[in-house]
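Reading the structure
Read off the chains here:
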Amino acid sequence: MKYDCLIIDDEKMLADSTAEYFNMFDVTARSVYTAEECRAFFEENSAALLLLDINLGDDSGFRLCKELREKTQIPILFISARTSDDDQIIALNIGGDDYIQKPYSLGVLLAKVKAVLKRCGQSGVFDDGRLRVDLAAKTADISGKAVKLTALEFKLLAYLIKNENKVVSKQEIFDNVWEDKFTGDGTLNVHIRKIREAIERDPSSPEYIVTVWGDGYRFSGGKK
């Protein structure tokens, strides 16, 4: 499963409450408490951003960051009660993208996380092992084979991906993709059908673009 944010912190109550708060505001989050649990998480899941504590029981967030940087370049924001300038310098030098002091305001932290996610989403890549969509390059492929989409079809797909796991109303799509309030349901339905024919295993039983009757559409991660 794809999450917006993974929180790695041995303060379980703080980690869980932060994840719960994020989820309330449409930032999908999960919390783990050790470096080993973080490694296990990435065996079956992915995250767009990490909140990483320096102190992880008997382990070190610094060490985990260096390990993760060998495999991924997703943003890593350190969270710590330690106030030493040296800690902040080390955190940034080993690949951290920011250093956030505890105790933190959940509202301020959420705003920072949303800003980072928005920035990353503008040039991000969706890749579940089958479907790969490069939002910056505006390309899509299935198992390495290029998918042909019109400019408008790609714009619609990209918008749904940027709002992954969230229900997007038809009006929101009209406002942000067509930028034309006079676009009708029929036009949207045709474009959704064409995208499904291009990317779904079975367009009649979609895994990626799911219809939420009466509400709109939701892009889910599909099946690996």
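Everything discussed here concerns the structure shown above.
Our subject in this report is the structure included herewith. These numbers were taken from a predicted model, which means no experiment stands behind them.

Under the definition given, this model contains eight aromatic pairs. Pairing Phe 126 with Tyr 208 gives two aromatic rings, centres 6.5 Å apart and planes at 85°, and the pair type is edge-to-face. A residue pair is termed long-range when its members are at least 10 positions apart, and Phe 126 in strand S8 (residues 125–127) and Tyr 208 in the loop between helix H8 (185–199) and strand S13 (209–212) qualify at 82 residues. Grouped by ring-pair contacts, the aromatic residues Tyr 3, Phe 41 and Phe 42 constitute a single cluster.

Before going further, it helps to spend a moment on the sheet that holds strand S9 (residues 131–134). Pairing is antiparallel in the open sheet, where four strands are placed in the order S8-S9-S10-S11. With one partner strand each, in any of the chains shown, S8 and strand S11 (145–146) form the two edges of the open sheet. With two bridges connecting them, strand S10 (residues 139–142) and S11 associate as antiparallel partners. Pairing of Asp 141 across the sheet is with Ala 146, part of S11.

Moving on to helix H1 (residues 12–24). The end-to-end C-alpha distance of H1, which contains 13 residues, comes to 18 Å, matching closely the 18 Å that a straight helix rising 1.5 Å per residue would cover. For H1, the complete set of buried residues consists of Ala 15, Thr 18, Ala 19 and Phe 22. Taken end-on, H1 shows its buried residues confined to a sector of 95°, consistent with a single buried face. With respect to the buried face of H1, the exposed residues turned more than 90 degrees away are Met 13, Glu 20 and Met 24. A positive phi of about 65° marks Asp 26, the residue just after H1.

Our next topic: the side chain of Asp 9. Among the structural elements, Asp 9 can be located in the loop between strand S1 (2–8) and H1. Of the polar contacts made by the side chain of Asp 9, one reaches the backbone nitrogen of Glu 11; its length is 2.9 Å. At 2.8 Å, the side chain of Asp 9 forms a polar contact with the side chain of Lys 102.

Turning our attention to the sheet that holds strand S14 (residues 216–219). Pairing is antiparallel across the open sheet formed by three strands, whose spatial order is S12-S14-S13. Single-partner strands in this sheet number two, and they are strand S12 (167–169) and S13. On average, each strand axis in the sheet is inclined to that of its neighbour by 35°, with strand direction left out of account. Direction of pairing for S13 relative to S14: antiparallel, over a ladder of four bridges. Paired with Val 212 across the two strands is Gly 216, which belongs to S14. The sheet contacts of helix H7 (residues 170–178) involve S12 and S14, and relative to S12 the element is tilted by about 70°. Packing of H8 onto the sheet brings it into contact with S13 and S14, and relative to S13 it is tilted by some 145°.

The rules behind the values
- Counting starts from 1 at the beginning of each chain's written sequence and moves along it residue by residue.
- This being a predicted model, a pLDDT of at least 70 is required before a residue's local features are given, and a value of 80 or more before pairs of side-chain atoms are given or counted; all residues contribute to the totals for chains, interfaces and linings.
- Side-chain calculation: all heavy atoms of the structure are included, whereas hydrogens and water are not.
- Two rings from Phe, Tyr or Trp (for Trp, the six-membered ring) form a pair when their centres sit within 6.5 Å of each other. Planes less than 30 degrees apart are called stacked, planes more than 60 degrees apart edge-to-face, and all others tilted.
- Only runs of H or I of at least four residues qualify as helices and only runs of E of at least two qualify as strands under DSSP, and these elements are numbered from the N terminus.
- Pairing between two strands is assigned when DSSP locates at least 2 bridges connecting them.
- In this scheme, a helix's expected span is set at 1.5 Å multiplied by one less than its residue total.
- Only protein chains enter the accessibility calculation, which uses a 1.4 Å probe. A residue is then buried if its area is under 20% of the maximum for its type, exposed if over 50%, and partly exposed in between.
- To be clear, the arc concerns the directions from the helix axis to the C-beta atoms.
- We call two N or O atoms a polar contact when they sit within 3.5 Å, provided that within protein one can donate a hydrogen and the other can accept it, with sequence-adjacent residues counted only if both atoms are side-chain atoms.
- To define axes, lines are fitted to C-alpha atoms, for helices over the stretch in contact only, and angles between the resulting N-to-C directions are given on a 0 to 180 degree scale.
- Contacts are assigned to residue pairs with any non-hydrogen atoms lying within 4.5 Å of each other.

As far as function goes, none of this settles anything; it's purely spatial.
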